[in-house]
Amino acid sequence: MTTTNKNFFYFLLFLAMIGWGGSWVNIKILSNYLNEFETMFFRFAITAVTMIPIILVLKKSFKINLKSFAVVLATSIAMIAYMKYFYLGTKFGTASLGGAFVTSLIPINTFLIMAIMGNKNITKKDSFALALGAVGVMTMLNIWSFKTDEIFVIHNLYFILASLLWPLVTILSSKATNISPIVFTLYLYIVTCILNLIFFVDLTTIEYQRLDSLFWINMFFLSIAASTFANTIYFLGIEKLGASEVSTFIFLVPFAAITLSSIFLKEEITFSIVIGTILTIIAVKILNDIKILKKKNKKIE
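If you're wondering where the values come from, they're calculated on a predicted model, not measured in any experiment.

K.L.:
Just to check I follow, could you spell out the side chain of Thr139 for this structure?
P.N.:
Of note, Thr139 is situated in helix α5 (residues 124–140). For Thr139, the residues in contact, after removing those within four places along its chain, are Trp144, Ser272, Ile275, Gly276 and Leu279.

K.L.:
How should the nonpolar core be read in this particular structure?
P.N.:
The nonpolar side chains of soluble globular proteins are, as a tendency, buried together. In terms of nonpolar packing, the biggest core is built from 73 residues, with Trp24, Met79, Tyr82, Phe101 and Val102 touching the most fellow members. Setting aside its immediate chain neighbours within four residues, Met79 contacts Phe44, Trp166, Val169, Leu188, Tyr189 and Thr192. Counting 15 residues, the second-largest nonpolar core is a separate cluster that includes Ala16, Met17, Ala230 and Val253.

K.L.:
Just to check I follow, could you spell out the pattern of salt bridges for this structure?
P.N.:
Should their charged atoms come close, side chains of opposite charge can pair. Under the counting rule described, the total for this entry stands at one salt bridge. Close ionic contact of Glu239 with Lys60 constitutes a salt bridge, the shortest N to O distance being 3.6 Å. Of the two residues, Glu239 sits in helix α9 (residues 213–241) while Lys60 sits in the loop between α2 (36–57) and α3 (66–92), which places them 179 residues apart along the sequence.

K.L.:
Would you explain the packing of helix α4 (residues 95–116) against helix α12 (residues 271–287) in this entry?
P.N.:
Think of two packed helices as two axes; the pair is described by the angle between the axes and how far apart they sit. Two numbers describe how α4 lies on α12: the axes approach to 10 Å, and their chain directions differ by 25°. Taken as axis vectors, α4 and α12 run roughly parallel relative to one another. Relative to α12, α4 is oriented so that their crossing is left-handed. For the pair α4 and α12, contact is made by Ser96, Leu97, Ala100, Ser104, Leu105, Pro107, Ile108 and Phe111 and by Ile273, Thr277, Thr280, Ala283, Val284 and Leu287, respectively.

So, how was this worked out
Residues numbered from 1 in each chain as written. Predicted model: local features only at pLDDT ≥ 70, side-chain atom pairs only at ≥ 80, totals over all residues. Heavy atoms only, no water. Helix = DSSP H or I, 4+ residues; strand = E, 2+ residues; numbered from the N terminus. Contact = heavy atoms within 4.5 Å. Core = buried A, V, L, I, M, F, W, Y, C linked by side-chain atoms within 4.5 Å. Buried < 20%, exposed > 50% of the residue type's maximum accessible area, 1.4 Å probe, protein only. Salt bridge = Lys/Arg side-chain N within 4 Å of Asp/Glu carboxyl O. Axes fitted to C-alpha atoms, helices over the stretch in contact; angles between N-to-C directions. Parallel < 35°, antiparallel > 145°, perpendicular 65-115°, else oblique. Left-handed = near helix turned anticlockwise from the far one by under 90°.

So this is what it looks like as structure tokens:
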């Protein structure tokens, strides 16, 4: 990959992270139209349809073995639970807090879960990072105000549950074998839609006349920008540049959520959210040995 092409791919990754950050704004607006399961169904149905031509262009096989399908099913259940609390937290709370809190806490919770499972050893450096992350999380929740009515609100619980459920989605999906991550994600979305239709969604009861242009604009960005485009670019980035290099872009997500929430939802961005996000991101960087600045970039073939 030439330097010009690499820089262009960096730009695409930047847009992908903006898409992920913007999903919190999209959900906040869409919560005025549909419940969590209906929103989930529309989002993943549209995303699945738009992913098929991309998979064909990339010449990925649609074949899936029985083990991988079982993983898809288990991961879909975890995905539904995650999306439920992602939706409810954003509906009753703010998109800025959710985008900052959940996206920065997920890597820390993933590390902790892996450590509990015996797949990670916690060093002194890790202990410091976890303590710093804890301070960052408490700062985002404004726990230092000692106002229980502000700290122990239901949307904070929803955000905490979401940040615990996504690592489960990640760990489960890693168990799939002999299948492209993009194809696995396609099946994940399809099965999630089917489960929603079977257990939670009745398409005949939806008031379609209420779904105006604002709804479809946000559903388009949530499905196409935050899912189809962002996921494709992220997976291709890992393939072309490597996971360690792509992981640095994840730090853009919480700040994108905060900025876009301020612009489109007129949410007040508090000092505690900004400082807490910065502290938590530093903790994630230490935990994962992520190098933000590199002395020299190697040419990628």
